[in-house]
Amino acid sequence: MKLVIFFLATILATCHAANFQTFPLRLKTALGEHYAPEVSCASWRVGVEAHNFVDWKTIPLECEAHVGKYMKSEQYRSDSKTVNREGFFYARDLEITSNDIWIFDVDETTLSNLPYYEDHGYGAEVFNHTAFDEWLELGIAPALPETIKLYNKLLSLGVKIVFLTERSARHEKITAENLKKVGYYTWEKLIVRDNGIYPTKRAYKTEQRKKLVEEGYRIIGNSGDQWSDLLGKHKGDRNFKLPNPMYYIA
């Protein structure tokens, strides 16, 4: 009996090993062998989050359905939760002072523009500034639920909140109203883009962070959905990248 059990276990282990090697380890050399669109688009999304794809204007057309499905999925919510939870675990262990701030980006970090992008191919369409501005001016963007959890926990720890956004000065009032309406009820500063000339979003955000440091603040954390939110000087002690496969901003 023991011999039979051992024999069956050996067969199962061998089959499992063979199956395991089929996809990760076997070279795809035959003519016409391609990954399924769902698989290749998932790989593309990983490349976006890892900052391997840069300066792209639209998502691949064949990935429109995949990105839309992801943005409305439990996976997107779970990914956001994981990032924000790590932010809290980090902040919880710090000795907070009165000068400590946490910087949050706004679009796709604290507020979601998914209702807009649902009507514009989840990023498969070329970005239309006029249409997007019209959406912003409605002031109805919902909160990202996992980010607002982190926001409230940071406030409870005594951390001051700074919103640093690429939105223009003419959208400052509606942005403030939108934030308060969905639960972001207080903050130290809401910084919108001024009339200065900056070559990139990264340069703009770096300059604004520099000003905060010069004012005496210590940036203990920085949350954003774009790498340009998190790179450059004065980026803070820790940075937390939220998922966003819909668009890229340098």
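These figures come from a predicted structure and were not determined experimentally.

Undergrad: What is the right way to look at the pairing of strand 2 (residues 160–168) in this model?
TA: Regular strands place their side chains on alternate faces of the sheet. As defined by bridge partners, strand 1 (residues 100–104) adjoins strand 2 across four bridges and the pair is classed as parallel. Across the sheet, the residue bridging to Ile103 is Val162, located in strand 2. Examined bridge by bridge, strand 2 and strand 3 (residues 189–193) share four bridges and lie parallel to one another. Paired with Phe163 across the bridge in strand 3 is Leu190. The β-α-β motif built from strand 2, the intervening helix 8 (residues 172–181) and the parallel element strand 3 has right-handed crossover chirality.

Undergrad: I keep staring at the packing of helix 4 (residues 74–92) against helix 7 (residues 145–157) and nothing clicks. Help me out?
TA: The angle between the axes and the distance between the axes are what describe a pair of packed helices. Look at helix 4 against helix 7: their axes get within 8 Å of each other, and the N-to-C directions meet at 10°. Comparing their axes, helix 7 and helix 4 come out roughly parallel. In this structure, helix 4 contributes Arg77, Ser80, Lys81, Asn84, Gly87, Phe88, Ala91 and Arg92 to the contact, and helix 7 contributes Pro145, Glu146, Thr147, Lys149, Leu150, Lys153, Leu154 and Leu157. When its residues are assigned to classes, the contact of helix 4 with helix 7 shows six nonpolar, four polar and six charged.

Undergrad: Mind showing me how you'd approach the sheet that holds strand 3 here?
TA: Backbone-to-backbone hydrogen bonds join strands into a sheet, with any given pair of strands oriented parallel or antiparallel. Read across the sheet, five strands follow the order 3-2-1-4-5 without closing on themselves; strand pairing throughout is parallel. Each having just a single partner strand, strand 3 and strand 5 (239–241) make up the two edges of the open sheet. Between one strand axis and the next, the sheet turns by 20° as a mean value, whatever way the strands run. Of the strand pairs in this sheet, strand 1 and strand 4 (residues 218–224) are connected by five bridges, and their pairing is parallel. Across the sheet, Ile101 pairs through a bridge with Ile219, a residue of strand 4.

Undergrad: Looking at this structure, I do not really get the state of the cysteines. What am I missing?
TA: Formally, a disulfide is one covalent bond, and it connects the sulfur atom of one cysteine to the sulfur atom of another. Enumeration according to the criterion identifies one disulfide in this entry. With a sulfur-sulfur separation of 2.1 Å, Cys41 is cross-linked through a disulfide to Cys63. Because the sign of the S-S torsion sets the handedness, a value of about -90° for the bond joining Cys41 and Cys63 places this disulfide among the left-handed ones. Of the two residues, Cys41 sits in helix 2 (residues 37–49) while Cys63 sits in the loop between helix 2 and helix 3 (64–71), which places them 22 residues apart along the sequence. When sorted by exposure, Cys41 lands in the same class as Cys63, which is buried.

Cut-offs used in this document
Residues numbered from 1 in each chain as written. Predicted model: local features only at pLDDT ≥ 70, side-chain atom pairs only at ≥ 80, totals over all residues. Heavy atoms only, no water. Pairing = 2+ DSSP bridges. Helix = DSSP H or I, 4+ residues; strand = E, 2+ residues; numbered from the N terminus. Right-handed = clockwise from strand over helix to strand, strands pointing away. Axes fitted to C-alpha atoms, helices over the stretch in contact; angles between N-to-C directions. Parallel < 35°, antiparallel > 145°, perpendicular 65-115°, else oblique. Contact = heavy atoms within 4.5 Å. Nonpolar A, V, L, I, M, F, W, Y, C, P; charged D, E, K, R; others polar. Disulfide = S-S within 2.5 Å. Buried < 20%, exposed > 50% of the residue type's maximum accessible area, 1.4 Å probe, protein only.

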